[in-house]
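Structural description and commentary
Given next are the chains, with one letter for each unit.
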Amino acid sequence: MGKILIVAEKPSQAREYAKTIGVKGRGEGYLHNDEYIITWCIGHLLELSRPEEYMNLEKVGKRWGLHRLPVLPPVQEFKHHIKASTQNQFKVLTQFLKSPEIDQVICGTDADREGQLLFQEVWDMVQCKKPLKRLWVSSLTAQAIREGMNQLRNETDVKGLAQAGYGRSYADWDFGMNLTEGFSSLFGSYDPVRKKPNVISIGRVQTPTLALVVEREWEIEQFNPVHYCEVEAEFKADAGNYTGKWVEPPKDNASVGKQADSNSAEHGLDREGAEAIAAKVKGKSGTVHSIEAKEVQEPHPLLFDLTSLTVTASKRFGMSAEHVLKTAQSLYEKKAITYPRTDCNFLPIDILPKLPAHLRALQIEPYRAWVEEALDKDLPSGKRVINEITAHHAIIPTNERVAPEKLSSDEWKLWDIIVRRFLSIWFPPARYETTIIHTKVEGEYFRTRGKMLLDLGWKKVHGDNFDETDSPKPGKGKSKKGGGDETGDTNFEDIALPALILGERVTLKKIAVKEKETKPPKRYTQGDLLKAMENAGKKVEDELLQQQLKGKGIGTVATRPAIIENLLERGYLLQDHRTLQPTEKGKDLIRLIKEELPKAQLLVSAEMTGQMEYDLGQVEQGKMKLEHYMTQVEKAIVEILDELRTYEKLHGKRPLAHVPLKTKGKQSKAVTAAKAKGQPEVLGLCPLCGGDIIEGKKGYGCLNWRQGCAFVLWKTPICGKVLSPAQVKKLLKKGSTDLIKGFRSKSGKAFSAHLIWAEEGSAKLKFKFESDKNVN
């Protein structure tokens, strides 16, 4: 009897399989015993060949140009080649796939589209015909692996997943290779400073994502603030003082609540009107016109999928999307959490009996008391927890005990919020009493809102770590008195109001006119951008409605972090603290497409890209043929290339802006203008781009920042010391400061050291001690 070959995605995954099924023998690139051989890929062992592989270069030449395009291989004719870095492992894997010693193969790569593809590429290239099964697990715990091995899926069950993987790969290749060459030949240029071409990179997912950021930037640039005034009053009642804001008088008394709710900056007062109201009521008495109090319940937030996890980690810890994904993947491989690349916020009903085991694994501090309380409660079964799932359920802690000391700082932060989110589903809604009071003075109405906590419910699990923006909107409540329904209004202050009586006379103590202005939209953080990509640019706050839009977003939950990283690396976006902003190159590209290339506008259409992602889902479900999907892709590319040819005939070539990463010896217009305005002293040359470094309020930065240079040395204290301009000068010139005395360690011990660059061309520093021992 032959052996069974299990193919994992990476060595760490293979080791978990081996540990669970008792495989202890080791070979070069594989593990083995009498029954099993376990080997692995190392990510993608193969990659698609370049367009030149399909060209007659003697005829079309090596120089990029529209005359060489399109290059659109039929589905069955795409060429793959073995990556140079993975040739040895490819040989090991193909040797076993072809070996007569193997009777059956189990694909055990990550249970998603990309995991299926990286196995399928090798399987199809080798043209293996052995019986094939699919191991599908949502965590790497021993229990999950054993259950997966007892419930292996058939090859036909994942055929659509493999086809969708190919569709994603082929479509990205077609768009990227054809349109990057097409756009670069017209709008690219040679960068004499960097001594390489300024490539205009185009991508099926990348370009519409860039458009989201550029369009937001244009909204900010074109925003004209509207100035308005608010009138605020302080009243004295028998039970105490309270404040209120003027609101428009209702059409009739019964609609006071609803009318007040519609008041906004657009209905604000001008200065003259506000002062007239203030003068009218000054020194007068008023009456409590209406009181409406009700209890509202706030349910626990949905369990995490990768996007909501990233949004929360980005907001709370400043983590990048790519870093969250890598950290979550590490937690998965350490068996601390279930599969992280999921777009689902729910659990399947068949997992319910297993949840207590997941709880018991969390009987460590600081969760022990909450776990013991949860174990005495009924299993969570509401629709916010148990609902329809996609390929993988929501991210939750596994049923294996985790040793917190074995987690890195960022792993602990991520695991902690996942644990608390999981624990919260066992607890009741938080309960509040909200109150709206309208006070009438001389025919003018002033609204007061207050909120009093009745029961923390699930929020006690989060404590001070909980961010209110993570929370769902409060649900409907029942009014205790008064009229109108304030359901859904969340603009309440966490204050207890004095006990007032309807019709009670109150005294106006103070009246003030406050000037306000409308605010521009905020720039995207990485978390915000991920959410916008998921919703195809639509702003959707309702959690359950967001679930319906999934599948029509830009990219997938697993690919979006890499897209943002690519935009940063390719000079289209800059990271400014936690926010993203486009470079001139990025804005120039989107402006060109939107204003001069109507056919190419599908490249910046979030809805169109979302539809393509939805169609890939149809391929995965077997509802659309891969060939039909690729026909749509090819049609769009041909139309855009034809439009570029027309543009070239009418306008010729037109280089776009580029990001000058190396500008030594030259100064940008921004530098020249800055010097003309009497900027501070130039301290030295930027290690990243060669521009001038000057001192700002919060740090030492490069004057080429508008052209894309992100270099900055913040004035954040380093072990109690802030860098002086003289020290920065020395650092920029010599690569090291003089010996700095007076640093203090965490224990309070004083020490002396030089500061040097941690990495060439970066703003990261490390200590260098007199003994030449470097410490990060």
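Please read these numbers as outputs of a predicted model, since none were measured by experiment. (Residues numbered from 1 in each chain as written. Predicted model: local features only at pLDDT ≥ 70, side-chain atom pairs only at ≥ 80, totals over all residues. Heavy atoms only, no water.)

**So, the overall build of the protein chain**
Threshold: To qualify as a helix, a DSSP run of H or I must reach at least 4 residues; to qualify as a strand, a run of E must reach at least 2; elements of each kind are numbered from the N terminus. Note on exposure labels: buried denotes an accessible area under 20% of the residue type's maximum, exposed denotes more than 50%, and partly exposed covers the range between, all computed with a 1.4 Å probe on protein chains only. Any two residues whose heavy atoms approach within 4.5 Å at even a single point are treated as in contact. Method for areas: the Shrake-Rupley scheme with a 1.4 Å probe, in which residue coverage is limited to the protein chains shown.
A count of helical and extended segments in the protein chain gives 22 helices and 28 strands. When the 776 residues of the protein chain are sorted by exposure, 50% land in the buried category. Pairs at least 24 apart in sequence give 74% of the contacts found in the protein chain among residues at least 6 apart. Of the roughly 37500 Å² of accessible surface on the protein chain, 49% is carried by carbon and sulfur atoms.

**Observations concerning the sheet that holds strand β9 (residues 153-154)**
What counts here: By the convention used here, strands pair only if DSSP detects at least 2 bridges between them. Axis definition: a line fitted to C-alpha atoms, limited for helices to the stretch in contact. Angles are taken between N-to-C directions and run from 0 to 180 degrees.
Strand order across the open sheet formed by seven strands is β2-β3-β4-β1-β7-β8-β9, with mixed pairing between neighbours. Of all the strands in the sheet, just β2 (25-27) and β9 have a single pairing partner and so form its edges. Here strand β1 (residues 3-8) pairs with strand β7 (residues 102-108) via six bridges, running parallel. Pairing of isoleucine 6 across the sheet is with isoleucine 106, part of β7. This element, helix α1 (residues 11-21), spans β1, β3 (30-32), β4 (36-40) and β7 of the sheet and lies at about 165° to β4. Along the sheet face, helix α3 (residues 87-98) touches β1, β3, β4 and β7 and points at about 145° away from the line of β4.

**Brief notes about the pairing of strand β14 (residues 285-298)**
Looking down a regular strand, the side chains alternate between one sheet face and the other. Relative to strand β18 (residues 505-517), β14 runs antiparallel, the two being bridged by three bridges. Looking at β18, one finds that serine 285 is bridged to threonine 507. With eleven bridges connecting them, β14 and strand β15 (residues 430-441) associate as antiparallel partners. Bridge pairing in β15 places glutamine 297 opposite arginine 431.

**So, the sheet that holds strand β22 (residues 692-695)**
Backbone-to-backbone hydrogen bonds pair the strands of a sheet. The strands run either parallel or antiparallel. Read from one edge of the open sheet, four strands run β21-β22-β23-β24, paired in antiparallel fashion. Strand pairing shows two members of the sheet lacking a second neighbour, β21 (684-685) and β24 (712-714), which therefore form its edges. Pairing of β22 with strand β23 (residues 699-702) involves three bridges; the strand directions are antiparallel. Its bridge partner being in β23, glutamate 695 is matched across the sheet by tyrosine 700.

**Considering the nonpolar core**
Quick reminder of the rule: To qualify as a nonpolar core, a set must consist of buried Ala, Val, Leu, Ile, Met, Phe, Trp, Tyr and Cys residues joined through side-chain atoms within 4.5 Å.
Phe183 and Phe187 are the most contacted members of the largest nonpolar core, which has 67 residues in total. Elements represented by at least two residues in this core include exactly α6 (159-187), α7 (206-221), α15 (526-534), α17 (560-569), α18 (584-596), α19 (606-620) and α20 (626-651). In this view, phenylalanine 187 contacts Ile200, Leu592, Leu597, Leu644, Tyr647, Arg654, Pro655 and Leu656; residues no more than four positions away in its chain are not counted. If you look at the next biggest cluster of nonpolar residues, it comprises 62 residues, including Leu140, Ala336, Ile386 and Ile395.

**Examining helix α14 (residues 409-424)**
The test is simple: A helix is expected to span 1.5 Å multiplied by its residue count minus one.
Helix length check: α14, at 16 residues, gives a terminal C-alpha distance of 23 Å against a target of 22 Å (1.5 Å per residue), a fit within 8%. Buried residues dominate α14, accounting for twelve of its 16 residues. Residues of α14 that are buried include every one of Glu411, Leu414, Trp415, Asp416, Ile417, Ile418, Val419, Arg420, Arg421, Phe422, Leu423 and Ser424, and no others. Those residues of α14 that are buried are in contact with α10 (306-317), α11 (321-333), α12 (355-360) and α13 (368-375).

**Topic: the pattern of salt bridges**
Quick reminder of the rule: Should a side-chain nitrogen of Lys or Arg be within 4 Å of a carboxyl oxygen of Asp or Glu, the pair is scored as a salt bridge.
Applying the stated criterion across every chain yields a total of 41 salt bridges. For arginine 204, the salt bridge identified is with glutamate 613, shortest N-O distance 3.3 Å. Taken as a pair, arginine 204 in the loop between β11 (196-198) and α7 and glutamate 613 in helix α19 lie far apart in primary sequence, 409 residues in all. Given a relative accessible area of 4%, arginine 204 falls into the buried group. What makes glutamate 613 buried here is its relative accessible area of 6%. A cluster of three or more residues bridged by salt bridges with shared partners is formed by Arg113, Glu114, Arg168, Asp172, Arg204, Glu613 and Glu620.

**Focus on α10**
In a regular helix each residue adds 1.5 Å, so twelve residues correspond to 16 Å; α10 covers 16 Å between its end C-alpha atoms and thus fits that length. Burial analysis of α10 places nine of its twelve residues in the buried class, which makes it a mostly covered element. Buried residues of α10: Leu306, Thr307, Ser308, Leu309, Thr310, Val311, Thr312, Ala313 and Ser314, and no others. Where α10 ends, the next residue or the one after it, glycine 318, has phi of about 75°, a positive value.

**Details of the confidence of the model for the protein chain**
Atomic detail in the predicted coordinates should be set aside for any region of low pLDDT. Filter applied, for reference: Residue-level confidence of the predictor, termed pLDDT, takes values from 0 up to 100.
Per-residue pLDDT for the protein chain has a mean of 86; in total, 86% of the residues score no lower than 70. Of the regions scoring below 50 in pLDDT, residues 660-679 engages in 33 contacts with residues more than four places distant in sequence or in other chains. Note that residues 772-776 has pLDDT below 50 and, in this model, ten contacts with residues that lie over four places away or in other chains.

**Description of the environment of alanine 164**
Summarising the element assignment, alanine 164 is placed in helix α6. With 454 residues separating them along the chain, alanine 164 and glutamine 618 place their C-alpha atoms 8.4 Å apart. Aside from chain neighbours lying at most four places away, what touches alanine 164 is Arg113, Leu616, Val619 and Glu620.

**Some thoughts on the side chain of glutamine 116**
Following the sequence through the fold, glutamine 116 ends up in helix α4 (residues 113-126). In contact with glutamine 116, other than residues within four places in its own chain, are Cys107, Thr109, Asp110, Arg134, Val158, Leu161 and Ala162.

**Quick look at the packing of α7 against α18**
Axis angle and axis distance: for two packed helices, these are the angle between their axes and the distance between the axes, and together they describe the pair. Let me state the cut-off plainly: Here is the rule for angles: anything less than 35 degrees is roughly parallel, anything more than 145 is roughly antiparallel, 65 through 115 is roughly perpendicular, and the remaining ranges are oblique. The nonpolar class holds Ala, Val, Leu, Ile, Met, Phe, Trp, Tyr, Cys and Pro. Asp, Glu, Lys and Arg form the charged class, and all remaining residues, Gly among them, are polar.
Running from amino to carboxyl end, α7 crosses α18 at an angle of 95°, the nearest separation of the two axes being 9 Å. Relative to α18, the element α7 lies roughly perpendicular. In this structure, α7 contributes Thr207, Leu210, Ala211, Val214, Glu215, Glu217, Trp218 and Glu221 to the contact, and α18 contributes Gly586, Lys587, Leu589, Ile590, Arg591, Ile593 and Lys594. Counted by class, the contact of α7 with α18 contains seven nonpolar, two polar and six charged residues.

**Some points on the packing of α11 against α17**
So the rule is basically this: By convention the crossing between two helices is left-handed if the near helix lies anticlockwise of the far one by an angle smaller than a right angle, and right-handed if it lies clockwise.
Closest axis-to-axis distance for the α11/α17 pair is 8 Å, and the angle between their directions is 140°. Considering their axes alone, α11 and α17 lie oblique with respect to each other. Between α11 and α17 lies a crossing of left-handed hand. Here Ala321, Glu322 and Leu325 of α11 lie close against α17, whose contacting residues are Pro561, Ala562, Ile564 and Glu565.

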